[in-house]
Amino acid sequence: MSNPSNLRFLKIPLATVVLFSLVCTQIPLFNYLGFEFSALAALVLGFIAGIATISLWNKHTPAQPDIPLDEEGFWRYLKSVASALLLLSMLPALVMSANAALIKNCSFSQGLIFYGLLVVPGVAFCSLLALLISVSSFKWKKTWFTLAYLLTLLHIAFVTFTRPQIYAFNPIIGFFPGITYDETMQIEGRLLLYRWATVSASLLLFIVAVVLHRSRTRAKVIRDGQAGSSHKTWHVTELAGAMLLTAIIVGVFIFSSRLGLSSPRSYVEEELGGKIETQHFVLHYPASAVDERRARQLAKLHEFYFTGIVSELNIVSVKKIQSFIYASAEQKARLIGAGRTNIAKPWLWQMHLNLGDVESSLKHEMVHVLAADFGFPLIRVGLNPGLIEGLATAIERVQYEEPLHCVAAQIRSVGINPRMEQLFSFTGFAGTYSGVSYTLAGSFSRYLIDQYGVRRFKRLYRTGDFHAIYNKDISVLLAEWRRFLEKYEVDAREQLRAAYYFKRTSIFGKECARVIANIDAETRQHFARKEYALAYESATRSLDLSWSPGAVSSSVNSLVRLGKFSEAAELAEEYLGDSALAHTLLPLKLQLGDAYWASGDIARARLLYEELLSTHISLSMDEGAALRLEALKDTGLAAAVLPYFTGALSDTTRISMLRASLRVPVRKDIATYLLAREYASQGDRHRAIELFRSVERLPREVLEFQRQLRLARMYYSLGEYQRAKIHFWQSYNYTTSESFLYRIREWIELCNWMIDPPREMFKDEGGELQALWE
């Protein structure tokens, strides 16, 4: 700095910044130069920079702080401020750069970009805001700055609380991504644009501060009767600059929605384009992806779940719920910030879901909104995440294709025992892997509801006070719940399955979570476009930075699609041979089996498929393994369909190949099933139904169960509910799974409800909506 005394004067702010940086080195996710650390640093350094700016002003005007400096003194002060800001801004980056020798940083260059875009403009904005306050005639300057600082931060709460979006751009921290399980973050373009506006606002603050100081100096000169009173307050360049900067700021504000910087409800509704209204809901749906018939079906589905939830929770909803359905995760991420995560905003009576997730997530999100009836006033939610998510999961009753309590018992059987008391706090819930926290909180909540009644739980949801509601400490209630779970026996297969699903870490325990998530998203995009060489390249890049199950699977799958079967087998065997990793890679056995099949080692492929099938990871995995095992029973069929499972084929080629296999003397049922499934995936439901129906009973129950379910779901999507019911009923004969039986019963109830819904529920006050249901 130009004056050594300034360095001594700033020793407390500098020490605070260093201490902050050192503390961050001990906190996961904040211990390397990345987005999270940069955002937090902008928050802390912005405040310190503002206070330091005012302190330096007071130092330069010790006798009368409210008297303006002369021109030379003012520019000397600005030079001191600039030097202080440079030092304050550099220190955290230097500490984290040094910490990179101890903590892995997957993308130091990206971290520097985030630091430059978040911290530097934020610190400059806060300092120049403090400068404007310093040169004013205000007393209690630090108090005024603190209020302005807090009001600027409250903009985040205002935007995310009053609008559909969960994200917010902010002058101080740059960007707030919202509380979401999405780990991907690709905002550099929008952030750069917003920071351009932030710099414009900062420069405008600087010009106004300079002009204000000149004006006060001129006024002092006039009062003192000195010469020079004819000096202009505004210079032409300053006025022109201020006008240009104001135009930039106003333009960004007016077009913020189009620029992707904000998403008011009106803009979201406009972008979606479709709207349909029932007695209890207003659905906003993507008109480009949902036709009128499908929109009506979605509306009925909402009313069906509404009826069940209000009955179970014994509530009366008096306000219509706004349900926003998005065509894709990409559209939802662009509009509200949560791409793959479906969310609810009970205080706004809103739900936001991806179209592909409606049937699996609608019930969960609707519980969140309807629980506003007994939630904490104003925010209309429970007092902690454990109660909020626990209630919604409890109402669902099924998790991971298993009954809720069974899954909870499986989690505990593999040694995953988080402190349940902490799950009912924000830090404890977020710090545990989401699958574990949702399932255990849901099981405990389901137990409380069944054992003590829903009325008590609703009071608990509002207050969070276990002892006041149940006259028992939470530790006693948890002990009861654990004894209740002991009746669920867990075998070795279920333990293996539980280890696969739940022995994972939260975002706080992952290396370079944001960087890896972005690369994995890039890999998925390449794979969806059948760019397998590029998918392998990006997956390998991800693995070079940090190990993850998704990257391993993508690498092996890409090699299989590229015909590099030996390399795929070698890579898969290497990872599956690591006992510390194998439990997270169970689906890899399917790809490894494909590699061995293509290499001619049928015996080893068959063994891997059988192992996978016996584990019952999921219905789709069971179907994939069973199809391959059946195909291998017929040599001709195996040769005909091998490219279908392993080749880099276009959709058209896949269909042509399967159709050709039906014209040769091979087993027809599996080939027909595969062809029907392919037509269904491409949206040709009528042809898929025709082919599925032409297949007689398949030899494996899992395949016949899937055939019946596929027929039922396609008939349902076509609005043929009686036929859908027939196949749902028939699927009953091919499963003993309690969770599947529960879901089938719910689907049958839904079909009955679609056929003959309660008419009074669909009439508006004037009966205007009746035609919607006819």
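Residues numbered from 1 in each chain as written. Predicted model: local features only at pLDDT ≥ 70, side-chain atom pairs only at ≥ 80, totals over all residues. Heavy atoms only, no water.

Let's talk about the overall build of the protein
To be explicit about the condition: By the criteria applied, helices consist of DSSP H or I runs no shorter than four residues and strands consist of E runs no shorter than two, each listed in order from the N terminus. Whether a residue is buried, partly exposed or exposed follows from its accessible area with a 1.4 Å probe, protein chains only, as a fraction of its type maximum: under 20%, in between, or over 50%, in that order. Contacts between residues were defined by any pair of non-hydrogen atoms, one from each residue, lying within 4.5 Å. A 1.4 Å probe and the Shrake-Rupley method give the accessible areas. Residues count as covered only by the protein chains that appear here. In this tally, Lys and Arg are treated as positive and Asp and Glu as negative; His is ignored, and so are the chain termini. The atoms used to mark charge sites are NZ of Lys, CZ of Arg, CG of Asp and CD of Glu.
Along its length, the protein carries 35 helices and 9 strands. The principal-axis extents of the C-alpha atoms in the protein amount to approximately 110 × 65 × 55 Å. Across the 774 residues of the protein, 55% fall into the buried class. Across the protein, the fraction of contacts at a sequence separation of at least 24, relative to all contacts at a separation of at least 6, is 67%. Surface summary for the protein: the accessible area is close to 33800 Å², and the carbon and sulfur share equals 57%. Computed over 83 positive and 73 negative side-chain charges, the separation of the two mean positions in the protein equals 6 Å.

Observations regarding unusual backbone geometry
Residue tryptophan 349 is not a glycine yet carries a positive backbone phi of 55 degrees. Within the secondary structure, tryptophan 349 is located in the loop between β6 (343-345) and β7 (350-354). For tryptophan 349, a relative accessible area of 8% puts it in the buried group.

A short note on empty space enclosed by the protein
What counts here: Using only the protein atoms, space was sampled on a 1 Å grid; points where a 1.4 Å probe fits but cannot get out form cavities, open sets with protein on both sides within 12 Å along at least five of seven lines form pockets, and lining residues are those with an atom within 4 Å of a point. Grid points are joined across faces, edges and corners, and a volume is the space filled by probe spheres set on the points. Residues were grouped as follows: Ala, Val, Leu, Ile, Met, Phe, Trp, Tyr, Cys and Pro as nonpolar; Asp, Glu, Lys and Arg as charged; and all remaining residues, including Gly, as polar.
Taken as a whole and judged by the stated rule, the model has 2 cavities of 30 Å³ or more. Along the wall of the largest cavity there are 13 residues; nearest its centre are Tyr32, Gly34, Phe35, Gln110 and Val515. If you tally residues by element for the lining of the largest cavity, the top one is helix α5 (residues 108-135), at 3 residues. When the residues that make up the lining of the largest cavity are grouped by side-chain class, the tally is 6 nonpolar, 5 polar and 2 charged. Roughly 40 Å³ of volume is contained in the second largest cavity. Lining the second largest cavity are Leu301, Phe304, Tyr305, Glu359, Arg743, Glu746, Trp747 and Leu750. When residues in the lining of the second largest cavity are grouped by element, the largest group, 4 residues, is from helix α35 (residues 738-755).

A word on a nonpolar patch on the surface
Which entries qualify depends on this criterion: What makes a patch is a set of residues exposed beyond 30% relative accessible area and free of salt bridges, joined within 9 Å when like-charged and within 5 Å when nonpolar (Val, Leu, Ile, Met, Phe, Trp, Tyr). Salt bridges are counted wherever a side-chain nitrogen of Lys or Arg sits within 4 Å of a carboxyl oxygen of Asp or Glu.
On the surface, Val250, Phe253, Ile254, Phe255 and Leu259 cluster together into a nonpolar patch covering about 520 Å² of accessible area. Positionally, phenylalanine 255 belongs in the loop between α8 (236-254) and α9 (265-272). Assessed through its relative accessible area of 49%, phenylalanine 255 is described here as partly exposed.

Let's talk about the packing of aromatic side chains
Our working definition: Stacked, edge-to-face and tilted are the three classes for Phe, Tyr and Trp ring pairs, Trp counted by its six-membered ring, which pair at centre distances within 6.5 Å; planes under 30 degrees apart are stacked, over 60 edge-to-face, the rest tilted.
Tallying each qualifying case throughout the model produces 41 aromatic pairs. Both rings, one in phenylalanine 37 and one in tyrosine 115, keep their centres 6.5 Å apart while their planes meet at 15 degrees; by these two values the pair is stacked. With phenylalanine 37 in helix α3 (residues 35-60) and tyrosine 115 in helix α5, the pair connects residues that are 78 residues apart, well separated along the chain. Note on tyrosine 115: relative accessible area 6%, which makes it buried. Ring geometry for tyrosine 400 versus tyrosine 501: centroids 4.8 Å apart, planes at 55 degrees, classification tilted. Placement of the pair is tyrosine 400 in the loop between β8 (398-399) and β9 (402-403) and tyrosine 501 in helix α21 (residues 492-502), with a sequence separation of 101 residues. Members of the aromatic cluster, connected to one another through ring pairs, are Phe35, Phe114, Tyr167, Phe169, Phe175 and Tyr194.

Observations regarding helix α29 (residues 635-646)
The line we're drawing: Expected span of a helix: the number of residues minus one, times 1.5 Å. Directions pointing from the helix axis toward each C-beta atom define the arc. Between N or O atoms, a polar contact is any pair within 3.5 Å; within protein, one atom must be a potential hydrogen donor and the other a potential acceptor, and residues adjacent in sequence are included only when both atoms are from side chains.
Between the first and last C-alpha of α29 there are 16 Å, a value that for 12 residues agrees with the 16 Å anticipated at 1.5 Å per step. Within the span of α29, buried status applies to Leu637, Ala638, Val641, Leu642, Tyr644, Phe645 and Thr646. Around the axis of α29, the buried residues are gathered within 165 degrees of arc, so they sit on the same side. Looking at the packing, one finds that the buried side of α29 touches α24 (549-561), α25 (565-576), α26 (588-599), α28 (619-631), α30 (651-661) and α31 (668-681). The opening residue of α29 is aspartate 634, an N-cap whose side-chain oxygen sits 2.9 Å from the backbone nitrogen of glycine 636.

Describing helix α22 (residues 513-528)
Side chains that are three or four residues apart share a direction in an α-helix, a result of its 3.6 residues per turn. In a regular helix each residue adds 1.5 Å, so 16 residues correspond to 22 Å; α22 covers 22 Å between its end C-alpha atoms and thus fits that length. Those residues of α22 lying buried are Ala513, Arg514, Val515, Ile516, Ala517, Asn518, Ile519, Asp520, Ala521, Thr523 and His526. At its buried positions, α22 is contacted by α3, α5, α23 (532-545) and α24. Note on α22: the residue one or two positions beyond its end, lysine 530, has a positive phi of about 60 degrees.

A few points about the pairing of strand β4 (residues 281-286)
Quick note on the threshold: When DSSP finds at least two bridges between two strands, those strands are taken to pair. If the strands point away from the viewer and the path from the first strand over the helix to the second runs clockwise, then the crossover is right-handed.
Burial analysis of β4 places 6 of its 6 residues in the buried class, which makes it a mostly covered element. The alternating pattern of β4 places Phe281, Leu283 and Tyr285 and Val282, His284 and Pro286 on opposite faces, both of which are buried. Pairing of strand β3 (residues 273-277) with β4, which is carried by 5 bridges, proceeds in the antiparallel orientation. Note that in β4 the partner of glycine 273 across the bridge is proline 286. Linkage of β3 to β4, two consecutive antiparallel strands, is achieved through a turn of 3 residues. Two elements, β4 and strand β5 (residues 321-326), share 4 bridges in a ladder whose sense is parallel. For phenylalanine 281, the partnering residue across the bridge sits in β5 and is isoleucine 321. This β-α-β element, β4 to helix α10 (residues 292-313) to β5, shows left-handed connectivity.

A few points about the sheet that holds β6
Put simply, the rule reads: Comment: axis = line fitted to C-alpha atoms, over the contacting stretch for helices; angle = value between 0 and 180 degrees taken between N-to-C directions.
Spatially, the 5 strands line up as an open sheet ordered β3-β4-β5-β7-β6, and their pairing is mixed. The open sheet has two free edges, formed respectively by β3 and β6, since each of these has just one partner strand. The sheet shows a mean angle of 15 degrees between the axes of neighbouring strands, taken without regard to direction. Taken strand by strand, helix α12 (residues 358-370) contacts β4, β5, β6 and β7, and its axis lies near 165 degrees from that of β7.

So, the side chain of serine 661
In this structure, serine 661 sits in helix α30. A relative accessible area of 3% means that serine 661 is categorised as buried. A distance of 2.5 Å separates a polar atom in the side chain of serine 661 from the backbone oxygen of leucine 658. Setting aside anything within four residues of it in sequence, one finds serine 661 in contact with Ala640, Val666 and Ala671.

Quick notes on the environment of leucine 370
Its place among the elements puts leucine 370 in helix α12. Leucine 370 gets classed as buried once you look at its relative accessible area, which sits at 1%. Separated by 186 residues in sequence, leucine 370 and threonine 184 place their C-alpha atoms 30 Å apart. Beyond its immediate stretch of four places on either side in the chain, leucine 370 contacts Phe306, Ile309, Val310, Ile315, Ser317 and Ile321.

A look at the environment of serine 566
Considering the arrangement of structural elements, one finds serine 566 in helix α25. Judged by relative accessible area, serine 566 falls into the exposed class, the value being 58%. The sequence separation of serine 566 and alanine 595 amounts to 29 residues, and the corresponding C-alpha distance is 7.1 Å.

On their own, these measurements won't tell you what the molecule is for.
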